[in-house]
Amino acid sequence: MKKDLFKIVEAGDRICATIECNGRRLASIDGNGYDSLEAVKKALIDLAGRFAGMAVLTVRNCTQGWRDVSALATMRRPAMARLSAVSAPRNGAQYLIPWAS
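Residues numbered from 1 in each chain as written. Predicted model: local features only at pLDDT ≥ 70, side-chain atom pairs only at ≥ 80, totals over all residues. Heavy atoms only, no water.

**Points about the pattern of salt bridges**
Condition: By definition, a salt bridge exists where a carboxyl oxygen of Asp or Glu is found within 4 Å of a side-chain nitrogen of Lys or Arg. Remark: exposure states derive from per-residue accessible area (1.4 Å probe, protein chains only) relative to the maximum for the residue type, with buried under 20%, exposed over 50%, and partly exposed in between. Think of it this way: any DSSP run of H or I at least four residues long counts as a helix, any run of E at least two long counts as a strand, and we number them from the N terminus.
Using the criterion set out here, one finds four salt bridges in the structure. Residues Arg25 and Glu20 are paired through a salt bridge, measuring 4.0 Å at the closest nitrogen-oxygen approach. The class for Arg25 is exposed, based on a relative accessible area of 53%. For Glu20, a relative accessible area of 33% puts it in the partly exposed group. Its salt-bridge partner being Asp68, residue Lys41 comes within 3.4 Å of it at the nearest N-O pair. Within this pair, whereas Lys41 is found in helix 1 (residues 37-48), its partner Asp68 is found in strand 4 (residues 66-74), the two being separated by 27 residues in sequence. Take Lys41 and Asp68: they sit in the same class, and that class is buried.

**Considerations on the sheet that holds strand 1 (residues 15-21)**
As a general point, the strands of a sheet are linked pairwise by backbone hydrogen bonds and lie either parallel or antiparallel. We apply this condition: When DSSP finds two or more bridges between two strands, those strands count as paired. Only the stretch in contact is used when fitting a helix axis, every axis being a line fitted to C-alpha atoms; angles between N-to-C directions are given from 0 to 180 degrees. Here, residues are in contact when the closest pair of their heavy atoms is within 4.5 Å.
With antiparallel pairing, the four strands of this open sheet are ordered in space as 2-1-3-4. Edge positions in the sheet fall to strand 2 (24-31) and strand 4, since each has one partner strand and no second. The sheet shows a mean angle of 15° between the axes of neighbouring strands, taken without regard to direction. By the bridge criterion, nine bridges tie strand 3 (residues 53-61) to strand 4 in an arrangement that is antiparallel. Of the residues in strand 4, the one forming a bridge with Met54 is Ala73. Helix 1 rests against strand 1, strand 2, strand 3 and strand 4 of the sheet, and its axis sits at about 135° to strand 2.

**As for the nonpolar core**
Soluble globular proteins: nonpolar side chains tend toward being buried together. Threshold: Buried residues of nine kinds, namely Ala, Val, Leu, Ile, Met, Phe, Trp, Tyr and Cys, make up a nonpolar core once their side-chain atoms join them within 4.5 Å.
Counting 19 residues, the largest nonpolar core has Ala17, Ile19, Phe51 and Val59 as its most contacted members. Those elements giving two or more residues to this core turn out to be strand 1, strand 2, helix 1 and strand 3. In terms of residue count, the dominant contributor to this core is helix 1 (six residues). Beyond its immediate chain neighbours, meaning those up to four positions away, Val59 contacts Ile15, Cys16, Ala17, Leu37, Val40, Trp66, Arg67 and Asp68.

Okay, structure coming up:
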């Protein structure tokens, strides 16, 4: 197989990476100390937090001179706040919808 199919990351390489979703930058990395491409992608996803939709991960190895762009689809939803006693259903009354008020 061709060598350019395998993006190698070494601990001393300078990595510049971003993750964008819906045209908004969620997280970015500029540094070294990553030992694999998967470690870089995992760090980006952890920094981005919760998001839903299609994201674009761009990783550039400034030391070796290559760039990897990949897509990530996720169904992560923002955590909803716990419902309080006020929003609990009651007999003979309307439901209170917290996200609609």
